[in-house]
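# Working through the structure, step by step
Residues per chain are reported as follows:
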2 protein chains.
Amino acid sequence: MTAPDASTILKPGATLGILGGGQLGRMLALAAAPLGLKVHVLCPDPDSPAFDVAAGFTVAAYDDTTALDTFAAAVDVVTYEFENVPGPTAAHLAARVPVRPGPNALAVSQDRLAEKTFLRENGIPVADFRAVDSQDEVLPALEALGGQGVLKTRRFGYDGKGQMMLRQSADATGAFQALGSAPAIMEAFVPFEREVSVIVARGLDGTLRAYDVAENHHEHHILKTSTVPATLTTDTAAEARQLAERIAEKLDYIGVLGVEMFVLPGTGDEAERLVVNEIAPRVHNSGHWTQDACQVSQFEQHVRAVAGWPLGSAERHADVVMENLIGAEVESWPALVAAPDACLHLYGKAESRPGRKMGHVNRLRPLRA
Amino acid sequence: MTAPDASTILKPGATLGILGGGQLGRMLALAAAPLGLKVHVLCPDPDSPAFDVAAGFTVAAYDDTTALDTFAAAVDVVTYEFENVPGPTAAHLAARVPVRPGPNALAVSQDRLAEKTFLRENGIPVADFRAVDSQDEVLPALEALGGQGVLKTRRFGYDGKGQMMLRQSADATGAFQALGSAPAIMEAFVPFEREVSVIVARGLDGTLRAYDVAENHHEHHILKTSTVPATLTTDTAAEARQLAERIAEKLDYIGVLGVEMFVLPGTGDEAERLVVNEIAPRVHNSGHWTQDACQVSQFEQHVRAVAGWPLGSAERHADVVMENLIGAEVESWPALVAAPDACLHLYGKAESRPGRKMGHVNRLRPLRA
């Protein structure tokens with residue numbers, strides 16, 4: 001077994017391996033095809049939406065090393081659609097074929113404590129935080145953070161799962177057990193005005209391309225809309241993109257990275273300011289608007305990066321609102337497909353369930369001057 | 001066997017059958033996926049580029065009725081990427097499942113004599129023409145058309161194949177045999193200044209949407225570039241779109257139709273005028289620019305039409321030049337992928353051969369005011 005060549009550049013006809021067969025893998029596959037790349041998807045779910053648009057696929061568990069070996073032999077580069085790729089899976093593959101983004105980005109983003117520590121050490125503004133490894137450490141952490149905080153498991157949280165808000169000392173009681181007695185982090189409560197995100201790409205050659213800032217609204221802890229441009233001063237918007245670029249650079253990142261930030265309102269003479277909440281080492285739901293409002297979408301950009309190709313333009317040619325279609329909302333497709341300003345993206349999932357992301361729609365508006 | 005319902009409307013999750021697995025079928029499949037439709041491709045070539053992005057495919061000859069039956073049972077609507085679908089294949093399928101565009105459009109466009117007759121009968125300007133069924137009829141036809149003409153086989157001509165220019169009486173000698181002694185048509189020579197084309201879509205509900213006119217340049221009888229907007233007066237551009245719309249309407253057409261036209265220069269007080277050269281009952285190479293310059297591409301538009309869905313916007317948000325990558329030209333991909341204004345579309349063909357269409361690139365420019 002030879003170590004993979006970190007400088008590998010794919011040629012048209014090469015095969016991109018994708019771990020994960022959900023809508024993100026599907027849209028990556030759809031973006032890879034016009035670049036002349038084949039796609040092979042590995043996912044344990046036999047009904048994976050990405051399989052329908054892939055040249056090849058493997059149904060296997062992520063810890064099935066025999067399947068991983070076959071997969072590694074069938075592809076030229078591996079990427080992934082979700083940040084919870086098990087570390088041993090990434091390591092097993094990385095010994096055989098380039099894995100991009102690299103295992104370091106996974107390690108940092110899988111663990112909220114590692115992530116926050118990494119960000120703070122690199123001068124990125126984050127909410128104050130404390131490690132919480134037992135019930136005994138909950139109350140001291142809460143007090144250290146001013147009496148309010150959010151307790152989160154360090155691993156496997158998403159869409160508001162694995163976290164709880166503590167508003168007073170009494171809330172500390174039993175909080176650690178309520179989250180499953182797993183290693184946790186307490187973050188200071190951030191009185192934010194709005195949430196924004198930046199999708200940034202970094203190429204194999206170190207080139208950075210940040211897309212415009214999106215403003216995100218959630219319903220029931222699930223992203224509902226992303227609006228571009230976001231309501232921000234020009235300075236704050238520029239800072240948001242710079243923060244995202246700095247994170248990508250400090251991670252020595254290859255691919256597309258999603259960076260979620262909170263906007264704190266300005267007070268008196270103080271300008272509004274940004275706090276980074278979370279990073280996702282993959283294409284991101286809040287970047288789906290790029291599919292119809294930009295020449296090069298986040299999906300094509302990610303494929304270009306992990307293929308070792310030059311990044312494309314991240315310029316935007318329209319204002320846009322992306323709206324997720326969650327659960328039964330997808331049944332509104334006849335109205336959406338008839339709306340002249342709506343670009344429909346359905347994920348081909350057989351079954352609609354409450355809270356399940358079934359598709360999204362990008363509504364375009366002329367660029368504001 | 002029940003006759004298929006002509007008013008069938010697909011729902012997301014339904015399967016679109018495509019006859020033909022080349023680049024057009026591939027790009028149709030890529031456009032169908034975001035609409036939540038699955039694709040099943042039937043093609044005799046086991047190396048079909050469309051297979052790589054289809055949920056299912058069948059390798060079979062077009063006259064393999066057993067395979068056609070299985071295919072018909074697996075899909076909800078059938079469309080095709082090429083106009084030479086054998087009549088019996090279309091009829092066999094049409095008895096089982098809606099075929100869109102309908103067999104009538106195939107019959108008309110497969111036979112240059114039927115096509116020209118249809119166009120003339122519907123008030124569409126065409127070059128004068130004569131049927132030529134034997135060598136004896138070549139010279140009289142040439143003389144009737146003013147001493148110059150183009151002799152073409154009625155069927156299976158493409159990219160300049162199956163035709164010859166006759167410039168003088170002597171050229172008539174042996175011309176019929178030289179084209180294979182197949183039923184032919186002689187068309188008057190048209191001293192055109194340029195060639196343009198219009199991509200028009202017609203929905204199941206009769207709605208028409210014509211895209212802007214493209215100006216086409218050929219090299220070695222193969223399309224090389226399509227430029228939008230075309231060099232035309234506003235009146236002529238409007239007329240070109242109206243002609244395309246009238247043709248789609250008169251054919252009772254469902255889907256996207258390509259209409260090639262010649263532009264004859266104005267002389268003295270006479271304005272420039274248009275002559276329709278050829279129609280193609282399918283997505284068309286001269287419409288590839290719509291992928292990056294329009295909200296809804298010709299591929300999505302065709303899928304919407306054959307699915308029975310409302311048509312989308314055909315508005316254009318950029319000026320654009322589409323350039324085909326033919327044969328070894330595809331080797332310039334590293335430069336193309338690095339060009340900031342270029343949107344690359346490669347077809348995933350394993351082998352590049354002279355004259356083979358390997359991909360295309362759309363170069364965007366800001367809309368001229």
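The model shown is predicted, which means the values in this text are computed figures rather than measured ones. (Residues numbered from 1 in each chain as written. Chains lettered and ligands numbered in written order. Predicted model: local features only at pLDDT ≥ 70, side-chain atom pairs only at ≥ 80, totals over all residues. Heavy atoms only, no water.)

Along the backbone of chain A there are eleven helices and 17 strands. Buried residues in chain A amount to 57% of all 369 residues. In chain A, the share of contacts with a sequence separation of at least 24, taken over all contacts with a separation of at least 6, comes to 63%. About 14,400 Å² of surface is accessible on chain A, with carbon and sulfur atoms providing 51% of the total. Charge separation in chain A, taken as the distance between the mean sites of 32 positive and 46 negative side-chain charges, equals 3 Å. (Helix = DSSP H or I, 4+ residues; strand = E, 2+ residues; numbered from the N terminus. Buried < 20%, exposed > 50% of the residue type's maximum accessible area, 1.4 Å probe, protein only. Contact = heavy atoms within 4.5 Å. Areas by Shrake-Rupley, 256 points an atom, 1.4 Å probe, with all protein chains shown as cover. Lys, Arg positive; Asp, Glu negative; His and termini not counted. Charge placed at Lys NZ, Arg CZ, Asp CG, Glu CD.)

This part takes up the relation of the copies chain B and chain A. Placing chain B over chain A gives an RMSD of 0.0 Å and needs a rotation angle of 180°, together with 0.0 Å of translation along the axis. The two molecules are tied by a two-fold rotation axis, judged by turn and shift. Closest approach to the rotation axis among the C-alpha atoms of chain B is made by B:Val53, whose C-alpha sits 2.1 Å away. Both copies present the same face, since 100% of the interface residues in chain B are matched by interface residues at the equivalent positions in chain A. (Least-squares fit on C-alpha atoms with pLDDT ≥ 70 in both.)

Residue and element names in this part refer to chain A. In strand E3 (residues 56-59), alternate side chains face the same way, and those of Gly56 and Thr58 are buried while those of Phe57 and Val59 on the opposite face are not. Judged from the four bridges that link them, strand E2 (residues 38-43) and E3 form a sheet pairing that is parallel. Each bridged residue has a counterpart across the sheet, and for Leu42 the counterpart in E3 is Thr58. (Pairing = 2+ DSSP bridges.)

As a further point, take the sheet that holds strand E1 (residues 15-19) of chain B. Backbone-to-backbone hydrogen bonds join strands into a sheet, with any given pair of strands oriented parallel or antiparallel. All names here are of chain B. One open sheet holds the four strands; their spatial order is E3-E2-E1-E4, and the pairing between them is parallel. Only two strands of the sheet have a single partner each, and these edge strands are strand E3 (56-59) and strand E4 (77-80). Going from strand to strand, the sheet's axes swing by 20° on average, the running direction of each strand aside. Direction of pairing for E1 relative to strand E2 (residues 38-43): parallel, over a ladder of five bridges. Bridge pairing in E2 places Thr15 opposite Lys38. Helix H1 (residues 23-32) rests against E1 and E2 of the sheet, and its axis sits at about 170° to E1. (Axes fitted to C-alpha atoms, helices over the stretch in contact; angles between N-to-C directions.)

All right, on to the interface of chain B and chain A then. It is common to give the size of an interface as the accessible area lost on bringing the parts into contact. At the junction of the two partners, chain B supplies 32 residues and chain A supplies 32 residues. Between chain B and chain A, roughly 2,700 Å² of surface is buried when both sides are summed, and carbon and sulfur atoms account for 59% of that area. Interface area lost by chain B to chain A is led by B:Gln295, B:Trp333 and B:Val337, which between them contribute 21%. Between chain B and chain A we count two salt bridges in total. Note that A:Asp52 is salt-bridged to B:Lys38, the shortest N-O span being 2.7 Å. Inspection of the chain B/chain A interface yields twelve residue pairs in polar contact (both at pLDDT 80 or more). Every element with two or more residues in the side of chain B that touches chain A is listed here: H1, helix H11 (333-338) and strand E16 (342-346) of chain B. Broken down by class, the residue content of the side of chain B that touches chain A amounts to 20 nonpolar, six polar and six charged. (Buried area = accessible area lost by both parts, 1.4 Å probe. Salt bridge = Lys/Arg side-chain N within 4 Å of Asp/Glu carboxyl O. Polar contact = N/O pair within 3.5 Å; in protein donor to acceptor, adjacent residues only side chain to side chain. Nonpolar A, V, L, I, M, F, W, Y, C, P; charged D, E, K, R; others polar.)

Looking now at the domain arrangement of chain A. Residue and element names in this part refer to chain A. Partitioning chain A into structural domains gives domain 1 (15-99), domain 2 (128-188) and domain 3 (194-365). A C-alpha centroid distance of 23 Å is found between domain 1 and domain 3. Each side of the interface is counted separately: domain 1 has 17 residues, and domain 3 has 20 residues. Across the interface of domain 1 and domain 3, roughly 1,700 Å² is buried in total on both sides, 71% from carbon and sulfur atoms. (Domains from an automatic or database assignment.)

Residue and element names in this part refer to chain B. With respect to the secondary-structure elements, Asn285 resides in the loop between strand E14 (273-280) and helix H9 (290-293). Polar contacts involving the side chain of Asn285 include one to the side chain of Lys357, which spans 2.9 Å. Apart from residues no more than four positions distant in its own chain, Asn285 is found in contact with Leu223, Met322, Asn324 and Lys357.

Before going further, it helps to spend a moment on the nonpolar core. Formed by 152 residues in total, the largest nonpolar core has its most connected members in A:Leu19, A:Leu37, A:Trp289, B:Leu19, B:Leu37, B:Trp289 and B:Trp309. In this structure A:Trp289 touches A:Tyr211, A:Asp212, A:Ala214, A:Val228, A:Cys294, A:Arg316, A:Val320, A:Met322 and A:Asn362, once residues within four positions along its chain are discounted. (Core = buried A, V, L, I, M, F, W, Y, C linked by side-chain atoms within 4.5 Å.)

All names here are of chain A. Relative orientation of the contacting elements helix H1 (residues 23-32) and helix H10 (residues 298-307) amounts to 70°, with a least axis distance of 8 Å. If you check the angle between H1 and H10, you find them roughly perpendicular. Residues Leu24, Met27, Leu28, Ala31 and Ala32 of H1 touch H10, and the partners they reach there are Phe299, Glu300, His302 and Val303. Class assignment of the residues belonging to the contact of H1 with H10 gives a composition of seven nonpolar, one polar and one charged. (Parallel < 35°, antiparallel > 145°, perpendicular 65-115°, else oblique.)

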